[in-house]
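# Chains, contacts and geometry: an overview
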Amino acid sequence: MPRISRRTLLTGLGAGALAAAAGCTTRPPAPPTADGPTTGATPSPAAVPPVTVNAATGPVVVPGAPMRVVVLDTDVLDSALTLGITPVGAALAGRDTSYPAYWPASRTAGIRLVGPAGAPDLPTVRALRPDLILSNQTRDGDRYEQLRDIAPTVLTQTAGAPWKANVQLHAQALSREAAAAAFAGAYQKHAGQVAQALAAAKASGRRVSLVRFVEGGGIRLFGRQSFPGTVLADAQVGRPDAQNVDQSDFEIPPDQLARADGDLLLYAVYGGPEASGANAVLASPGWQALGAVRGHRAFPVDDQLWFQGIGYTGANYLLDELQRFLGA
């Protein structure tokens, strides 16, 4: 099956949802007065009432249909852009210097970088005059009071495996619940189609390994309780025994590289290839001895997509690439 371009995939899966997103904040013009139709200036849209969101920190009152949004982690960046909101500011993972390439540059060009995720520059955030801040407690729980002094702040407990529930919370805070529901339905349909295609190609029994070389964090294997792990499960794809665990990820030493093997091995690099240790491992006898490597079934993938693209747009691209890698 030829690979679907990212632009085509986003357009096809998102058209209805983006229309729903637009419809969430559109208001009809005011009716004519008793004296007849109004003339001159177009009436202002009706104000959207505030919304109470049950965040990880408790109930938070946020403005209805906020437009000046700052996002402080990669999952909320995906949520906002997917739901039709271009944030005024965003934080990136600490070793990254550009926004994820799976988004067109036209969608991210106007976003102000506010620092690394987990250590945003608060004066920069304040200068953007946000009416809503989105993040999670893992990244920003220790600075929640400072953030809420700037603007209403909605935190989820964490990112990663609970991403679908988190998107629903983000959508509530953004007044885009109808759009989120449309994207959720489109994703589930896409996952089912990929699962059927893999079964038809007799590829669904192949076990997929997920490996990430992390600068300052060694060699990490990813289990079922991770973002890419949940996407593989939705496509009914199996995992190697060592990774078929209810964990997000775990580190292994170089002498345990055999645990990284699989029928298909996908690996990414966070940080520099030298500083992360990726270059040394990829050249090592232990890596070269893996069955997936010897069989030419080990492929590099985009770290910002596979391990940071935590949301419906990122997940749809993972399904597309997974189907291509498995030859279905």
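## Observations concerning helix H2 (residues 74–82)
- Taken across its 9 residues, H2 has 9 buried, putting it largely inside the fold.
- By the burial criterion, the buried members of H2 are Thr-74, Asp-75, Val-76, Leu-77, Asp-78, Ser-79, Ala-80, Leu-81 and Thr-82.
- Where H2 terminates, the next one or two residues include Gly-84, which has phi positive at roughly 90°.

## Notes on the layout of surface pockets
- Here the largest pocket is characterised by a volume of approximately 500 Å³.
- Those elements that place two or more of their residues in the lining of the largest pocket are H2, helix H5 (137–140), strand S8 (208–214), strand S9 (218–222) and helix H9 (227–234).
- Per-class residue counts for the lining of the largest pocket are 9 nonpolar, 9 polar and 6 charged.

## Quick notes on the sheet that holds strand S3 (residues 69–71)
- In space, the 5 strands of this open sheet follow the order S5-S4-S3-S6-S7, with parallel pairing throughout. With one partner strand each, in any of the chains shown, strand S5 (112–116) and strand S7 (153–156) form the two edges of the open sheet. Within this sheet the neighbouring strands show an average axis-to-axis angle of 20°, counted without direction.
- As paired strands, strand S4 (residues 89–92) and S5 are joined by 3 bridges and run parallel to one another. Across the sheet, residue Ala-90 finds its bridge partner in S5, namely Leu-113.

## Observations regarding the confidence of the model for the protein chain
- With 86% of its residues at a pLDDT of 70 or more, the protein chain shows a mean pLDDT of 89.
- Within the model, pLDDT remains below 50 along residues 18–44, and this stretch shows 22 contacts once partners closer than five positions in the same chain are excluded.

## Considerations on the pattern of salt bridges
- Tallying each qualifying case throughout the model produces 10 salt bridges.
- Put simply, Arg-143 and Asp-140 hold a salt bridge, and the shortest N to O gap is 2.6 Å.
- With a relative accessible area of 13%, Arg-143 lands in the buried category.
- Taking the shortest distance from any N to any O, the salt bridge between Asp-234 and Lys-164 comes out at 2.7 Å. Of this pair, Asp-234 sits in helix H9 while Lys-164 sits in helix H7 (residues 163–174), and the two are 70 residues apart along the sequence.
- Taken together, the shared-partner salt bridges connect Asp-140, Asp-142 and Arg-143 into one network.

## Quick look at the sheet that holds strand S10 (residues 249–252)
- Spatially, the 5 strands line up as an open sheet ordered S10-S9-S8-S11-S12, and their pairing is mixed. In the strand order of this sheet, the two ends are held by S10 and strand S12 (298–300), each with one partner. Each strand of the sheet is rotated relative to its neighbour by a mean of 30°, with strand direction disregarded.
- Looking at chain direction, S8 and strand S11 (residues 264–270) are connected through 7 bridges and run parallel. From the neighbouring strand, Phe-213 faces S11, where its bridge partner is Val-269.

## As for the nonpolar core
- If you look at the biggest cluster of nonpolar residues, it comprises 65 residues, and the most contacted ones within it are Leu-134, Val-154, Trp-163 and Trp-306.
- The residues touching Val-154, leaving out its near neighbours within four places in the chain, are Val-53, Ala-55, Val-60, Val-62, Leu-132, Ile-133, Leu-134, Ser-135, Leu-169 and Ala-173.
- By size, the runner-up hydrophobic cluster in this structure holds 17 residues, among which are Phe-213, Ile-219, Leu-265 and Tyr-267.

## Some details on the environment of Arg-126
- Along the chain, Arg-126 turns up in helix H4 (residues 122–127).
- Separated by 23 residues in sequence, Arg-126 and Asp-149 place their C-alpha atoms 9.2 Å apart.
- Not counting chain neighbours up to four residues away, the residues in contact with Arg-126 comprise Asp-149 and Ile-150.

## Topic: the packing of aromatic side chains
- Enumeration over the complete set of coordinates arrives at 11 aromatic pairs.
- Aromatic side chains Phe-213 and Trp-287 sit 5.8 Å apart centroid to centroid with 55° between the ring planes, which places their arrangement in the tilted category. Linking Phe-213 in strand S8 with Trp-287 in helix H11 (residues 285–288), this pair joins segments that are 74 residues apart in sequence. As far as burial versus exposure is concerned, Phe-213 and Trp-287 are alike and both buried.
- Residues Phe-299 and Phe-325 carry aromatic rings whose centres are separated by 5.1 Å and whose planes lie at 25° to one another, so their mutual orientation is stacked. Pair noted here: Phe-299 is in strand S12 and Phe-325 is in helix H14 (residues 312–325), with a separation of 26 residues, a long-range link.
- Judged by relative accessible area, Phe-325 falls into the buried class, the value being 13%.
- In textbook terms, an aromatic cluster arises when at least three aromatic residues are bridged by ring pairs, as seen for Trp-163, Tyr-187, Phe-227 and Tyr-312.
- Residue placement shows Arg-324 over the ring face of Phe-325; its charged tip is 4.7 Å from the ring centre.

## Some remarks on the pairing of S10
- On S10, burial follows the alternation: Phe-250 and Ile-252 on one face are buried, whereas Asp-249 and Glu-251 on the facing-out side are not.
- Where S9 meets S10, 4 bridges bridge the pair, whose relative direction is antiparallel. Paired with Phe-222 across the bridge in S10 is Asp-249.

## Some words on H7
- Helix length check: H7, at 12 residues, gives a terminal C-alpha distance of 16 Å against a target of 16 Å (1.5 Å per residue), a fit within 8%.
- Residues of H7 that are buried include every one of Trp-163, Asn-166, Val-167, Leu-169, His-170, Ala-171, Ala-173 and Leu-174, and no others.
- One or two residues past the end of H7 sits Ser-175, with phi positive at roughly 60°.

Reading guide: rules and limits
- Residues numbered from 1 in each chain as written.
- Predicted model: local features only at pLDDT ≥ 70, side-chain atom pairs only at ≥ 80, totals over all residues.
- Heavy atoms only, no water.
- Buried < 20%, exposed > 50% of the residue type's maximum accessible area, 1.4 Å probe, protein only.
- Helix = DSSP H or I, 4+ residues; strand = E, 2+ residues; numbered from the N terminus.
- 1 Å grid on protein atoms, 1.4 Å probe; cavity = no way out; pocket = protein on both sides within 12 Å on 5 of 7 lines; lining within 4 Å.
- Points joined across faces, edges and corners; volume = space filled by probe spheres on them.
- Nonpolar A, V, L, I, M, F, W, Y, C, P; charged D, E, K, R; others polar.
- Pairing = 2+ DSSP bridges.
- Axes fitted to C-alpha atoms, helices over the stretch in contact; angles between N-to-C directions.
- pLDDT = per-residue confidence, 0-100.
- Contact = heavy atoms within 4.5 Å.
- Salt bridge = Lys/Arg side-chain N within 4 Å of Asp/Glu carboxyl O.
- Core = buried A, V, L, I, M, F, W, Y, C linked by side-chain atoms within 4.5 Å.
- Phe/Tyr/Trp six-rings, centres within 6.5 Å; stacked < 30°, edge-to-face > 60°.
- Lys NZ or Arg CZ within 6 Å of the ring centre and 35° of its normal.
- Expected span 1.5 Å × (residues − 1).

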